[in-house]
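Structural description and commentary
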Amino acid sequence: MDNILNNPLFEAYANASDNVYIYVCEVKNDLSRWSPNAVSYFDLPGEYLKEAGNVWGERIHPDDREIYFNDINAVFSGRQETHCCQYRAMNRFGKYVWLECKGSMQRDENGELSVFAGIITRLDVKNKYDTLTGLLTKYDFYDTDLSDGKGVVMLIGIDRFRSIINTYGYHYGDELLTTMGKYLNSLCTGCKRAYRFNGDEFIILLPNMDKEGAMKLFESVRDNCRSIETRDGKRIALSLSAGAVIYGESDYDRDEVVNHLELALSFVKKSNRGNVAFYSDEIEKRQARALMLKEDLNNSIANGFKGFELFFQPLVDAKGTGILGCEALLRWKGERIQNAGPMEFIPILEEDSSINAVGRWVMRESVKQQREWQDIYKNFKVNFNVSYQQFLEEGYVEDLIKTVEEYGVDPDNLVLELTESCNVESPEDLAMIFEKIRSYGFHIALDDFGTGYASMELLKKLPADEIKIEHSFVRELGNGEIHKIDFAIIESLLYLCRKVNNSVVVEGVENKAVDEIIRKMDADYLQGYYYSKPVCKADFEEMLRKNHMNIVSSAK
Ligand code: C2E
Ligand code: CA
């Protein structure tokens, strides 16, 4: 029996891990041996213990003793063969730590209880390695001392990872993370380290590297991930963004480094996706402004949309000079921040779905407005913007229908513009919603058409009535060389839209030269600063009064 307590196998296991403790007990004499790390950590009287159950029981939290004794007594009385329970025990520092204890009872050839052995695992100790990717975990990063030396630490995030999961499923998402983990690990030679941070985010620690070196490294990672192959041979284009911090230049503490990394990553994802941003005071200021904006926007919403207003920009007849309709564009002024445009505050509203409430307000105001103008200008079209997530919101379509009924508006005069169509994650679901909306007579427009790789694909999948060609192709049409390419792009987009029976709005007409070029093409509506910037209701009505005759002559 001596062999059970004193053998090389026990000694080998006893030293295998800092956070796992082992014990083995010779039942006949109730003598047991505990691994040295347990003796030291729990301040046990020695490696060899007589009646260890009681010695150990004293260390267990009084509230957990009953659980422990019930279970262990069941094993030692032969009623059950395994011991498994979780409880708190006091360590040598006088602190209770959560443990999981598992053990198994063996019998001898006569069926008598002979050997009881098991392991105790500390539950408060975080894993060193990530089970999915095999990389070091963020806890290991937290334990890394950055006060010594200089370098760069970078937080890399996969852009729109959620949409990849939605499209390909969780299993594929896991495959991708594993592949990314392996790839990043392969780059980390010498003292470089790769860690899995949260979800789709990874940290790479680059000691002795400067900003330029880190930027180059990021660019090469980003370029390599443009076509990444998973184990099952599927290829996918990943877009990566990163936030980075230079350490060793000032007295950073760990929480500050992590906070700055997250700020820089969130900043770059919003403003310059696909790139790396190094944390700076400027980023801190912008993030502080975004936080203030969020607070003030929420207050406005809670205060009956106080501070929100619709501006209107005319949609001009491409074959005549009249104003056939308008696009309603949201404006907002807070008490503290007065100068935020929609490009700044709409993404903030979209972050937490506040856009749904504001979007319903926009819809109601637009419908109300159409009703008002309809009495004077027959069949006046009102376009308003709707974010992807608003279309998916439960009850949106029902509310839209209820609102037009309430105001007695003909849906034929309302156009819902899908903004930023490149964000569409599930075109099939959206197509069904569009069909439903169109079946009531409303029109759907695809905004900013021509940008984003998905435009053509979406045109194929989404049933739309109107296409709005993005400014960037139009603005410089009057300028020499670039003009030729933009001209060709617009002409082919117009041709394409005609083929699929969509009407076309050309946006971004800023001057007479562009107006003249566009009017020779086959568009339906023109929009741009040349005709008018978006203006408040009073100014727009003034503009309509001046254009009244034109509107009447061009109306359907
Ligand atoms: P958008 O839908 O593409 O709206 C057109 C934007 O182009 C407007 O900017 C307008 O002022 C601007 N624009 C018009 N003509 C010209 C021109 O000739 N040259 C140039 N450079 N720009 C021109 P705005 O009002 O700042 O709106 C920006 C974006 O905010 C909109 O882009 C739309 O995506 C979003 N947005 C505005 N209102 C709403 C809303 O009520 N709901 C939602 N979800 N999004 C909105
Ligand atoms: Ca629009």
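What counts, and at which threshold
- In every chain, residue numbers begin from 1 and rise along the written sequence.
- Lettering of chains starts at A and numbering of ligands starts at 1, both following the order in which they are written.
- Only residues with pLDDT of at least 70 are given local features in this predicted model, and only at 80 or more are side-chain atom pairs given and counted; all residues enter the totals for whole chains, interfaces and linings.
- Side-chain numbers come from the whole structure's heavy atoms, not from hydrogens or water.
- These domain limits were set by an automatic method or by a database of domain assignments.
- The nonpolar core is taken to be a set of buried Ala, Val, Leu, Ile, Met, Phe, Trp, Tyr and Cys residues, with the residues joined through side-chain atoms within 4.5 Å.
- Only protein chains enter the accessibility calculation, which uses a 1.4 Å probe; a residue is then buried when its area is under 20% of its type maximum, exposed when over 50%, and partly exposed in between.
- Here a strand is any run of E in DSSP of at least two residues, a helix any run of H or I of at least four, and the numbering for each starts at the N terminus.
- The contact definition used throughout considers only heavy atoms, calling two residues in contact when any of these lie within 4.5 Å.
- Inter-axis angles, ranging from 0 to 180 degrees, are taken between N-to-C directions of lines fitted to C-alpha atoms, where helices are fitted over the stretch in contact.
- The labels follow the angle: roughly parallel below 35 degrees, roughly antiparallel above 145, roughly perpendicular from 65 to 115, and oblique for the rest.
- Residues are grouped as follows: Ala, Val, Leu, Ile, Met, Phe, Trp, Tyr, Cys and Pro are nonpolar; Asp, Glu, Lys and Arg are charged; all remaining types, including Gly, are polar.
- Nearness is defined per residue: one heavy atom within 4 Å of the molecule or strand is enough.
- Side-chain atoms alone can form a polar contact between residues adjacent in sequence; in general such a contact is a pair of N or O atoms within 3.5 Å, and within protein one must be able to donate a hydrogen while the other accepts it.
- The method behind every accessible area is Shrake-Rupley, applied with a 1.4 Å probe, and residues are considered shielded solely by the protein chains displayed.
- Count a disulfide wherever a pair of cysteine sulfur atoms falls within 2.5 Å.
- Paired strands, in this sense, are two strands between which DSSP finds at least two bridges.

Comments concerning the domain arrangement of the protein chain
Partitioning the protein chain into domains gives domain 1 (2–126), domain 2 (128–279) and domain 3 (307–329 + 355–555). With centres defined by C-alpha atoms, the gap from domain 1 to domain 3 works out at 73 Å.

Some remarks on the nonpolar core
For soluble globular proteins, nonpolar side chains are generally found buried alongside one another. Formed by 80 residues in total, the largest nonpolar core has its most connected members in Phe308, Phe384, Phe391, Leu416, Ile469 and Phe540. No other element matches helix H13 (residues 354–374), which puts seven residues into this core. With residues up to four places along the chain from it excluded, the contact list for Leu416 reads Phe384, Val386, Phe391, Tyr396, Leu400, Ile437, Phe442, His443, Ile444 and Ala445. In this structure, Ile158, Cys188, Leu217 and Ile236 belong to the second largest nonpolar core, which totals 32 residues.

What to know about the packing of helix H12 (residues 342–351) against H13
Where H12 meets H13, the axes come as close as 5 Å, and the angle between the chain directions of the two elements is 120°. What the angle tells us is that H12 and H13 run oblique. Residues Ile346, Leu349 and Glu350 of H12 form the contact with H13, whose own contacting residues are Ser354, Ile355 and Val358. A per-class count over the contact of H12 with H13 returns four nonpolar, one polar and one charged.

Some thoughts on the site of ligand 1
Ligand 1 sits among 24 residues. The nearest are Arg331, Ser387, Asp447, Glu510 and Tyr529. Within the side chain of Glu327, a nitrogen or oxygen atom sits 3.2 Å from an oxygen atom of ligand 1. The separation between an oxygen atom of ligand 1 and a polar side-chain atom of Asp448 is 3.2 Å. Relative to its unbound accessible surface of 800 Å², ligand 1 loses 89% to contact with the protein. Going through the elements one at a time, strand S15 (323–332), H12 and strand S18 (443–449) are the ones with two or more residues in the shell around ligand 1. If you tally residues by element for the shell around ligand 1, the top one is S15, at four residues. Among the residues making up the shell around ligand 1, the classes are represented as nine nonpolar, eight polar and seven charged.

A few points about the state of the cysteines
Here the structure, examined in full by the defined rule, presents zero disulfides. Here Cys101 is not cross-linked by a disulfide; its sulfur's nearest cysteine counterpart is in Cys85, at 6.2 Å. Note on Cys101: relative accessible area 2%, which makes it buried. We note that Cys326 lacks a disulfide partner, and the nearest cysteine sulfur, in Cys536, lies 13 Å from it.

Details of the environment of Glu394
Tracing the backbone through its elements, the reader meets Glu394 in the loop between helix H14 (388–392) and helix H15 (396–407). Residue class for Glu394 comes out exposed when judged on its relative accessible area of 76%. Spatially, the C-alpha atoms of Glu394 and Asn356 are 10.0 Å apart, while their sequence positions differ by 38 residues.

Topic: the sheet that holds strand S3 (residues 48–50)
Overall, antiparallel pairing links the six strands, which are arranged S3-S2-S1-S6-S5-S4 in an open sheet. Two strands bound the open sheet, and with one partner strand each, they are S3 and strand S4 (82–90). Each strand axis lies, on average, 25° off the axis of its neighbour in the sheet, ignoring direction. Its contacts with the sheet place helix H4 (residues 52–59) against strand S2 (31–34), S3, S4, strand S5 (96–107) and strand S6 (113–122), and it is angled at close to 45° to S4. Its contacts with the sheet put helix H5 (residues 65–76) on strand S1 (20–26), S4, S5 and S6, and the angle it makes with S4 is roughly 145°.

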